[in-house]
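Single-letter residue listing:
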Amino acid sequence: MVDVVIAGGGPTGMMLAGELRLNGVDVLVVEQDPEPKKLVRSLGLHVRSVEVLDQRGLLGRFLAAGKQYPAGGSFAGIVKPVPERLDTAHRYIIGLPQTVTDRLLEEHAADSGARIRRGCAVVGVSEDDDGVTAALADGTEVRARYLVGCDGGRSTVRKLLGIGFPGEAAQTEWLLGEMEATEAPEKIAAAVAEIRKTQLGFGLGPTGYGGWRVVVPAGRVAEDRAAPPTLEEVKERLTLFAATDFGVHSPRWLSRFGDATRLADRYRVGRVLLAGDAAHVHPPLGGQGLSLGIQDSFNLGWKLAAAVAGWAPNDLLDTYEIERRPVAAEVLDLTRAQAVLISTEPGPQAVRRLFAQLMDFEDVNRFLTERIMATGIRYDFGAGHALLGRRLRDVHLKRGRLYELMREGRGLLLDQTGNLAVDGWSDRVDLVTDVSEELDAPAVLLRPDGHVAWVGDDQRNLVDHLPRWFGDPN
Ligand SMILES: Cc1cc2nc3c(=O)[nH]c(=O)nc-3n(C[C@H](O)[C@H](O)[C@H](O)COP(=O)(O)OP(=O)(O)OC[C@H]3O[C@@H](n4cnc5c(N)ncnc54)[C@H](O)[C@@H]3O)c2cc1C
């Protein structure tokens, strides 16, 4: 009997494995692919993911592998200056290929003690009162207390559970790949700049590690979406848009993706949960999908660990869907809006011009930036202080940085009054008595995912609120 089986070892599954291990949960990740993927989908991580990595002490290795770019000021390819006042100490995104993100998260999961079984798919899931049984493709079975489907957009777990996945089917498809090109780089750059004046779905740029990354609209949505396109197809489509195929050859890999936009009806059925692309898919406009999955795992990890450890309040696990599903719904809407704005039709083009003017207002630019960066999220914890329900940015304390104190993945009471205590919960919540010029609140109680669960200065009021997130006192 394992505590948690994770179906799917992509970024969502590996992040979740790391979070669970932080809390001592016995984890098995079952991944169908025998080897890590060569396919590079995501090219980077937004601000909230950067913060999350910092909160777990992982940021250094991601920064060493990637490049920093200024955060924000861009929406549907409309580029404006980065807003001046952003509520974060991390004003950058990290550019790095998904293969590297995947590798670093897998290394983190393995180093934390997660067991990873590659080359074996989950093909069946059945649940009873005591646990879940996962049937694997090799004919064996694994028994667990919980199972999380992190198995991507075509999730087997979601289908086995019969969870609805309503939304829009793909209308448009793009061919994607990495390959060599014989044309001179300056000529490619000039041609691409010209085409992108009207076709924002077209891209051909250096990968940064040799060769070119090609994205070109396909002629139609393929019947077999899992089958990669041929080089001939890519050449044909390039020629249609650019009147040349730039001499592309020797593809490293080829793939296709579409603009299907769907959200799972439920994120949980009993002891089985969904996270990442298994729960939501959308076109990569704005590049939010991987970050969304990492943040699902960051929300779910400590709650599931609390359920395994036995101290979780009754409805704690349900708050995962309550909090994360609306966030995904908002991301889906944001990509729908961007899809309209990049259309070449006259109506959407007029709206795009209007949007470009609106983004000159700092507040509009900041609003959109916070949406894309996922730093503006506020979970509904009821009425109260402006910080309640929001994640707290990193702040400087006398003893160092707040995020450095969150590496253990526990709750944290940051008390600037020096009068508060967490007796009874000290095995789950750290007390940090310190002050910060950047924090305008007497004391804040942070959940392990950094969201503010309480603000105040009254011990009795604090004690009334602690059980909601951290269970009964010892
Ligand atoms: C062209 C493109 C560009 C993108 N760019 C960005 C970007 O810049 N930024 C960003 O944040 N996001 C981006 N995304 C989205 C991002 O790639 C996905 O959101 C992300 O990979 C989702 O992670 P996941 O772990 O949830 O799912 P996946 O990455 O799909 O991983 C699921 C894993 O489960 C495994 N699996 C599937 N079925 C089973 C089974 N039955 N049993 C066991 N294992 C199974 C799969 O092999 C896979 O390893 C982009 C996507 C595309 C297509």
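(A) Examining the overall build of the protein more closely. A count of helices and strands for the protein gives 12 helices and 26 strands. Relative to a compact globule of 474 residues, whose C-alpha radius of gyration would be 23 Å, the protein shows 23 Å and is just as compact. When its C-alpha atoms are laid out on the principal axes, the protein stretches across 70 × 60 × 40 Å. Considering the protein as a whole, with its 474 residues, one finds that 53% of them fall into the buried category. Partitioning the contacts of the protein with sequence separation of at least 6, the portion at a separation of at least 24 is 70%. Treating the 55 positive side-chain charges of the protein as one cloud and the 66 negative ones as another, the clouds have centres 3 Å apart.

(B) Region of interest: the site of the ligand. Taken together, 30 residues surround the ligand, and among them Thr 12, Glu 31, Arg 41, Gln 98 and Leu 290 come closest. Taking Asp 277, its side chain carries an N or O atom lying 2.8 Å from an oxygen atom of the ligand. One nitrogen or oxygen atom from the main chain of Gly 287 is found 2.9 Å from a nitrogen atom belonging to the ligand. For the ligand, the protein covers 90% of the area, taking 1000 Å² as the surface of the free molecule. Those elements giving two or more residues to the shell around the ligand turn out to be helix H1 (11–22), strand S2 (27–31) and helix H8 (289–309). When residues of the shell around the ligand are assigned to their parent elements, the largest contribution, three residues, is made by H8. Its residues placed into classes, the shell around the ligand shows 10 nonpolar, 14 polar and six charged.

(C) Structural context of the pattern of salt bridges. Per the stated rule, a full pass over the model turns up 38 salt bridges. In this structure, Lys 80 engages Asp 360 in a salt bridge whose closest nitrogen and oxygen atoms are separated by 2.9 Å. Here Lys 80, found in the loop between strand S6 (78–79) and strand S7 (92–95), pairs with Asp 360, found in the loop between helix H10 (346–358) and helix H11 (362–373); they are 280 residues apart in sequence, far enough to count as distant. Classification of Lys 80 by relative accessible area gives buried; the value is 18%. Since its relative accessible area comes to 55%, Asp 360 is described here as exposed.

(D) Up close: the side chain of Ser 343. Checked against the element boundaries, Ser 343 lands in the loop between helix H9 (318–341) and H10. In terms of polar contacts, Ser 343 uses its side chain to reach the backbone amide nitrogen of Glu 345, at 3.1 Å. In this structure, Ser 343 is in contact with Pro 348 and Gln 349, ignoring residues within four places of it in sequence.

(E) Molecular detail of the packing of aromatic side chains. Counting across every chain of the model gives eight aromatic pairs. Considering the side-chain rings of Trp 174 and Phe 257, the 5.4 Å spacing of their centres and the 15 degrees angle between planes classify their relative orientation as stacked. Of the two residues, Trp 174 is situated in strand S13 (residues 173–180) and Phe 257 in strand S16 (residues 249–258); the sequence distance between them amounts to 83 residues. This pair shows no difference in class: Trp 174 is buried, exactly as Phe 257 is. Taken together, Trp 302, Trp 311 and Phe 470 form an aromatic cluster joined through their ring pairs. Positioned above the aromatic ring of Phe 165 is the side chain of Arg 158, whose terminal nitrogen or guanidinium carbon lies 3.5 Å from the ring centre. The side chain of Arg 428 reaches across the aromatic face of Trp 311, ending 5.7 Å from its centre.

(F) Region of the structure containing a nonpolar patch on the surface. There is a patch of nonpolar side chains on the surface, built from Leu 354, Leu 358 and Phe 361 and spanning about 300 Å² of accessible area. Here Leu 354 lies in helix H10. You can call Leu 354 partly exposed: its relative accessible area is 49%.

(G) Focus on the sheet that holds strand S4 (residues 67–70). Spatial ordering of the open sheet is given by S3-S7-S4, a layout of three strands whose pairing is antiparallel. A strand with exactly one partner marks an edge of an open sheet, and here the two such strands are strand S3 (44–45) and S4. As paired elements, S3 and S7 share two bridges and run antiparallel to each other. Within the sheet, the bridge partner assigned to Gly 44 lies in S7 and is Gly 95.

(H) Representation of empty space enclosed by the protein within the structure. Inspection of every chain in the model, using the stated rule, returns two cavities of 30 Å³ or more. Of the voids in this model, the largest cavity is the one considered here, and its volume is about 100 Å³. Sorting the residues of the lining of the largest cavity by element identifies helix H2 (47–55) and H8 as the ones contributing at least two each. At three residues, H8 tops the list of elements feeding residues into the lining of the largest cavity. Taken together, the residues that form the lining of the largest cavity break down as five nonpolar, four polar and four charged. There is about 50 Å³ of room inside the second largest cavity. Forming the boundary of the second largest cavity are Val 47, Leu 86, Asp 87, Thr 88, Thr 369, Glu 370, Met 373 and Thr 375. At three residues, H11 tops the list of elements feeding residues into the lining of the second largest cavity. Looking at the lining of the second largest cavity residue by residue, the classes come out as three nonpolar, three polar and two charged.

Conventions used here
- Residues numbered from 1 in each chain as written.
- Predicted model: local features only at pLDDT ≥ 70, side-chain atom pairs only at ≥ 80, totals over all residues.
- Heavy atoms only, no water.
- Helix = DSSP H or I, 4+ residues; strand = E, 2+ residues; numbered from the N terminus.
- Rg over C-alpha atoms; globule rule 2.2 N^0.38 Å.
- Buried < 20%, exposed > 50% of the residue type's maximum accessible area, 1.4 Å probe, protein only.
- Contact = heavy atoms within 4.5 Å.
- Lys, Arg positive; Asp, Glu negative; His and termini not counted.
- Charge placed at Lys NZ, Arg CZ, Asp CG, Glu CD.
- Near = heavy atom within 4 Å.
- Polar contact = N/O pair within 3.5 Å; in protein donor to acceptor, adjacent residues only side chain to side chain.
- Areas by Shrake-Rupley, 256 points an atom, 1.4 Å probe, with all protein chains shown as cover.
- Nonpolar A, V, L, I, M, F, W, Y, C, P; charged D, E, K, R; others polar.
- Salt bridge = Lys/Arg side-chain N within 4 Å of Asp/Glu carboxyl O.
- Phe/Tyr/Trp six-rings, centres within 6.5 Å; stacked < 30°, edge-to-face > 60°.
- Lys NZ or Arg CZ within 6 Å of the ring centre and 35° of its normal.
- Patch = residues over 30% accessible without salt bridge, like charges linked within 9 Å, V, L, I, M, F, W, Y side chains within 5 Å.
- Pairing = 2+ DSSP bridges.
- 1 Å grid on protein atoms, 1.4 Å probe; cavity = no way out; pocket = protein on both sides within 12 Å on 5 of 7 lines; lining within 4 Å.
- Points joined across faces, edges and corners; volume = space filled by probe spheres on them.

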